[in-house]
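Fold and contact review
Each chain is listed here by its residues.
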Amino acid sequence: MAKERSEIFCKFREISAIFVKNNHTDTKMRTKYSRVLLKLSGESLMGSQHYGIDPQRLAQYAAQIKEAAQAGVQVAIVIGGGNIFRGMQGAAKGFDRVKGDQMGMLATAINSLALSSALEAAGQPARVFTAINMHPIGEHYSKWRAIEALRRGEVAILAGGTGNPFFTTDTGAALRAVEVEADVMLKGTRVDGVYTADPEKDPTATKFSEITYDEVYTRGLKVMDLTATALCKENHMPIVVFDMDTPGNLAQVLAGEPIGTLVY
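Residues numbered from 1 in each chain as written. Predicted model: local features only at pLDDT ≥ 70, side-chain atom pairs only at ≥ 80, totals over all residues. Heavy atoms only, no water.

1. Digging into the pattern of salt bridges
- The full count for this structure, using the stated rule, is twelve salt bridges.
- Residue aspartate 101 pairs with arginine 97 through a salt bridge whose shortest N-O separation is 3.0 Å. In this pair, aspartate 101 and arginine 97 both sit in helix H4 (residues 97–121), four residues apart, roughly one turn of the helix.
- Judged by relative accessible area, arginine 97 falls into the partly exposed class, the value being 24%.
- A salt bridge links arginine 176 to glutamate 179; the shortest N-O distance between them is 2.8 Å. One end of the pair is arginine 176 and the other is glutamate 179, both in helix H6 (residues 169–179) and three residues apart, which spans about a single turn. (Salt bridge = Lys/Arg side-chain N within 4 Å of Asp/Glu carboxyl O. Helix = DSSP H or I, 4+ residues; strand = E, 2+ residues; numbered from the N terminus. Buried < 20%, exposed > 50% of the residue type's maximum accessible area, 1.4 Å probe, protein only.)

2. A closer look at the pairing of strand E1 (residues 35–40)
- In terms of residue burial, E1 counts as a mostly covered element, since six of its six residues are buried.
- Residue alternation in E1 divides its side chains into two sets, Arg35, Leu37 and Lys39 and Val36, Leu38 and Leu40, and both sets are buried.
- Taken together, the six bridges between E1 and strand E2 (residues 74–79) define a ladder with parallel strand orientation. Bridge pairing in E2 places leucine 40 opposite isoleucine 79.
- Each parallel crossover has a hand, and for E1 linked through helix H2 (residues 55–70) to E2 it is right-handed.
- Judged from the five bridges that link them, E1 and strand E6 (residues 184–189) form a sheet pairing that is parallel. Residue pairing for E6: leucine 40 is matched across the bridge by glycine 188. (Pairing = 2+ DSSP bridges. Right-handed = clockwise from strand over helix to strand, strands pointing away.)

3. Side note on the nonpolar core
- In this structure, Leu38, Ile65, Ile77, Leu115, Val155, Leu186 and Leu250 are the most contacted members of the largest nonpolar core, which totals 34 residues.
- In terms of residue count, H2 provides more of this core than any other element does, six residues in total.
- If we skip the residues at most four places from it in the chain, leucine 186 touches Val36, Leu37, Leu38, Lys39, Val240, Phe242, Leu250, Val253 and Leu254. (Core = buried A, V, L, I, M, F, W, Y, C linked by side-chain atoms within 4.5 Å. Contact = heavy atoms within 4.5 Å.)

4. Remarks on the sheet that holds E2
- With mixed pairing, nine strands are arranged side by side in an open sheet as E4-E3-E5-E2-E1-E6-E10-E11-E9. A strand with exactly one partner marks an edge of an open sheet, and here the two such strands are strand E4 (139–140) and strand E9 (210–211).
- Sheet strands in contact with H2 are E1, E2 and strand E5 (155–159), and its direction is about 150° off that of E2.
- In the packing of H6 onto the sheet, contacts are made with E1, E2, E5 and E6, and the angle to E1 comes to roughly 175°. (Axes fitted to C-alpha atoms, helices over the stretch in contact; angles between N-to-C directions.)

5. Focus: the pairing of strand E3 (residues 126–130)
- Of all five residues in E3, four are buried; the element is thus mostly enclosed.
- Of the pairings in the sheet, the one linking E3 to E5 comprises five bridges and is parallel in character. Along E5, the bridge assignment pairs arginine 127 with alanine 156.
- As defined by bridge partners, E3 adjoins E4 across two bridges and the pair is classed as parallel. Of the residues in E4, the one forming a bridge with phenylalanine 129 is glutamate 139.

6. Some remarks on the environment of threonine 162
- Here threonine 162 is to be found in the loop between E5 and H6.
- Exposure remark for threonine 162: the relative accessible area of 16% places this residue in the buried category.
- With 13 residues separating them in the primary sequence, threonine 162 and leucine 175 have C-alpha atoms 7.6 Å apart.
- Not counting residues within four places of it along the chain, the set of residues in contact with threonine 162 comprises Ala131, Phe167, Thr171, Gly172, Leu175 and Arg176.
- At a separation of 3.2 Å, a polar atom in the side chain of threonine 162 contacts the main-chain amide nitrogen of asparagine 164. (Polar contact = N/O pair within 3.5 Å; in protein donor to acceptor, adjacent residues only side chain to side chain.)

7. So, the packing of H2 against H4
- Contact geometry for H2 and H4: axes closest at 9 Å, N-to-C directions at 60°. Viewed along their axes, H2 and H4 form a crossing whose handedness is right-handed. The residues of H4 that touch H2, namely those facing Leu58, Ala62, Ile65 and Lys66, are Ala114, Leu115, Ala118 and Leu119.
- Residues of the contact of H2 with H4, tallied by class, amount to seven nonpolar, no polar and one charged. (Left-handed = near helix turned anticlockwise from the far one by under 90°. Nonpolar A, V, L, I, M, F, W, Y, C, P; charged D, E, K, R; others polar.)

8. Points about the side chain of serine 116
- For serine 116, the location among the structural elements is in helix H4.
- Not counting residues up to four positions away in its chain, the partners in contact with serine 116 are Ala126, Val128 and Ile157.

9. Topic: unusual backbone geometry
- The omega angle of the peptide bond from histidine 135 to proline 136 is 10°, so this bond is cis rather than trans.
- Although it is not a glycine, histidine 236 sits at a positive phi angle of roughly 55°.
- Among the secondary structure elements, histidine 236 is positioned in the loop between helix H8 (226–234) and strand E10 (239–243).
- Of the residues examined, histidine 236 reaches a relative accessible area of 69% and is grouped as exposed.

Bear in mind that shape data such as this cannot, by itself, settle questions of function.
Spelled out as structure tokens, the structure:
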């Protein structure tokens, strides 16, 4: 009798192990996307500060990104540099536009290094690629090397925009999303989607659950600059605009939950 009970117990453990394994696999399968390009604004890294990088906000972002990577999603990231320096604002104050944009590229590299450090501190491997040669700050960007890193489970952080002046980091993000063959471009902002007007200024503004690229043009909505939007349209790259500052939102977007706004 004792032997039979032991055999039944062992069998039960085997079945339980299979059940747990299948459930774990199903959890990964529930993610809608396998590879994404996440665009983060530099201003969002300021958190409650007026300049620079808020360590608490950085840690929140790192935790959400690590969760996505551990679920099996390949994550590439482009970060703006507006929390440190914005080229267009510099030009308005008398800076040469080309040099101002180059200063902005350096600001994105600083933010990229900060995020990679936060991810590695959280136990998530990350690699920084730069659009212009900045060895040893980061590895010079190559589509193929970036995809290799993604396939290894590393988060690929793509700094420096396009590497050229007169292009925003939104355009850099759209370009990289197409290059690394992402399923979608996720634009994490302080606002929870696209509205008819700026909801921070107009209380009557209404939110779109989804909107076409052409409607963005005709309505003059500032989702991204026109170059970035046109690049996504021409290459059939969908965009999801959502609030990245709320913990858990990134996981919901990846699961296909109807938060934010889909631009298609």
